[in-house]
Amino acid sequence: MSLLVVGLSHRSAPVSVLERATLSADAQIKLLQDTVAAEPAAEAAVLATCNRIELYADVDKFHAGVAELSTLLAQHSGVGLDELTPYLYVHYEDRAVHHLFSVACGLDSMVVGEGQILGQIKDSLARAQELHTAGRLLNDLFQQALRVGKRAHSETGIDRAGQSLVTFGLEQLALGAEVSDWARGKKALVIGAGSMSSLAAATLARVGIAEIVVANRTADRAERLAEILNEGGDVSARAVPMDSVSDELTRADVVVSCTGATGLVLNAEAVAAARGSVAQPGADEVPPSRGPGAAPAARPAGSATDENCPLDLAPMPATPGFSVLGEAAVAGMAASELEQHAAWVDNAPRPQSSGSVATVLDPVAEADTIAALAATAAVIGRVPERRRPEPVAEIPRPTPSLFLLDLAMPRDIDAAVHRLGGVRLVDIESLAEASADAPMAADVDQVRRIVADEVAAFGAALRAAHITPTVVALRSMAAEVVAGEIARLDGRLPGLDDKQRGEITQTVRRVVDKLLHAPTVRVKQLAAEPGGAGYADALRTLFDLDPETVAAVSRAEESTTDEKDRGSS
């Protein structure tokens, strides 16, 4: 059996795909059950966070495993396999171990070094144990990943390289200001009472928020979180039902939302109504091009020469001597429309310049240019755009008075809130863009070395463990041979007393142990090296071991491991 992981994350897929591929708690359970029911997989675990979905499995066939796991991910995420496949990554054997250990250390997180992923890995293992989809391999793997992650945080300064997604989000909201200064005295609304929302509430309290209101569909969880915050003594907290969110929006300065909802929790209309905001066009929002049937645009002052034009042309800036007769006005116009416009221009009065004679182009002198333009228009059917668009000045936005942090996937807050004046929204997508430029700490290299060492150690232990049932079966067979020979000796020498029989038995056992000691120790060492998996097969063949005996030893060891895991979880 071999370890395989198939998944997608913020590094491989755009947020729009991750958002649609999000797995609910029920979908994760069904995915695990269907995975272990599939032919290639014997164990399965799902690691699903706001920016990654990964399916781990112990499979007996690589290609069949990849195909089956990819199909199951697509089926349960609701994103078609053809659409999902370009964003999937696959790791196998040691690379799969390396990937999970890197994830546990925060090296693969959106914010490098954040420690929240350790809790999510622990939750994933607990879910797989509860559903009995995690066997010996995944139990060992995930528990070792947790130990590696803790080691990275305790032995290095990886924490200095990043922080939790919540802290990073608050830094983005603060727009470069010190978070504690920005947060001081503000009132916050936290929507949701799960692990991420609880972390957000605790972080808000720590940075100086004066009041926190917790809204959740389950009232008990909201009240419990509020009680915990109040026990800290640094913040005033209270719980409200979800239907009070609209009222609380009118009083809040900061909103953090992270629920498991599949639809929007806050739409733009609700935020606008609560804050009296109006939509503001962004710097990249230019008026759409005017087409046939569009309402006539208001003409700028000084464009009297454009009267009676047969075409509804977009107005041009009121620049002296420049009107719809200009090149920019006819760019993109169909050839037939251009002919109408040209006929009107020929008969229209020429614009008069103030104080000097207007320059009139000579059609004969410009014959080559006109011919080239006409040829191009004949080929493509339109006059080509030859002028770069003028830069659009950014419309100043009001200073934000409401700050929204959306940590949910799929999103809780309508992205259209970006356009509301006086409102600043930071969501997973904007956090991903901001984190791409975040500096890497020098400690990251040290963590990478830790991961490499731990991967090598885990692989060696896994390979050595693979041969252990065979060695145990070999020693059991040797013990049975000794017992059989001693029994036959009793038949041939019935006069032996207990002391003599005991001495003979111990002698024979010592001889067998000494003969087996060096080979079994050496074979474990060899099996721990890369490519050492074949030594178990060699032992079974050389000593003619019963495969069922070896399998029984493996099942007994896995049963003992499962009992220990359930007792420690």
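Structural notes, computed from the coordinates. All residue numbers here refer to positions counted from 1 along the written sequence of the relevant chain. Two thresholds apply to this predicted model, a pLDDT of at least 70 for residue-level local features and 80 or more for giving and counting side-chain atom pairs, whereas whole-chain, interface and lining totals are computed over all residues. Hydrogens are left out, water is left out, and the side-chain values use all remaining heavy atoms of the structure.

### Things to note about the sheet that holds strand β8 (residues 254-257)
Argument step 1. The strand order across the open sheet formed by six strands is β7-β6-β5-β8-β9-β10, and the pairing between neighbours is parallel. In the strand order of this sheet, the two ends are held by β7 (236-240) and β10 (423-426), each with one partner. Pairwise comparison of adjacent strand axes, ignoring direction, gives a mean angle of 15 degrees for this sheet.
Argument step 2. Only strands joined by at least two bridges in the DSSP assignment are considered to pair. Every helix listed is a DSSP run of H or I at least four residues long, and every strand listed is a run of E at least two residues long, numbered separately from the N terminus. Relative to β8, strand β5 (residues 187-191) is paired through four bridges, and the arrangement is parallel. Residue pairing in the sheet places alanine 188 in a bridge with valine 254 of β8.
Argument step 3. Residues count as neighbours in contact if any of their non-hydrogen atoms are within 4.5 Å of one another. Axis geometry follows a simple rule: fit a line to the C-alpha atoms, using only the stretch in contact for helices, then measure angles between N-to-C directions, giving values from 0 to 180 degrees. Set on the sheet, helix α9 (residues 165-173) makes contact with β8, β9 (402-406) and β10; between it and β9 the angle comes to about 150 degrees.
Argument step 4. The strands that helix α12 (residues 219-232) touches are β6 (211-215) and β7; relative to β7, the one it contacts most, it runs at about 175 degrees.

### Quick word on the pattern of salt bridges
Argument step 1. One speaks of a salt bridge when a side-chain nitrogen belonging to Lys or Arg is within 4 Å of a carboxyl oxygen belonging to Asp or Glu. Summed over all chains, the structure comprises 23 salt bridges.
Argument step 2. In this structure, aspartate 513 engages arginine 475 in a salt bridge whose closest nitrogen and oxygen atoms are separated by 3.8 Å. Highlighted residues: aspartate 513 in helix α20 (residues 498-527) and arginine 475 in helix α19 (residues 443-492), separated in sequence by 38 residues.
Argument step 3. For each residue, the accessible area found with a 1.4 Å probe, counting protein chains only, is set against the maximum for its type, and the residue is called buried under 20%, exposed over 50%, and partly exposed in between. According to the relative accessible area criterion, aspartate 513 is partly exposed, its value standing at 41%.
Argument step 4. One salt-bridge network, in which partners are shared between bridges, spans Arg11, Arg52, Glu54 and Asp108.

### Description of unusual backbone geometry
Argument step 1. In this structure, the amide linkage connecting methionine 409 to the following residue, proline 410, adopts the cis form with an omega of 5 degrees.
Argument step 2. If you trace the backbone, proline 410 turns up in the loop between β9 and β10.
Argument step 3. A positive phi angle is found at glutamate 93, which is not glycine, with a value near 55 degrees.
Argument step 4. Relative accessible area serves as the criterion here: at 31%, glutamate 93 is assigned to the partly exposed category.
Argument step 5. Although it is not a glycine, leucine 175 sits at a positive phi angle of roughly 55 degrees.
Argument step 6. Inspection of the secondary structure puts leucine 175 in the loop between α9 and α10 (179-183).
Argument step 7. A residue is classified by how much of its surface remains accessible, and leucine 175, at 54% relative accessible area, is exposed.

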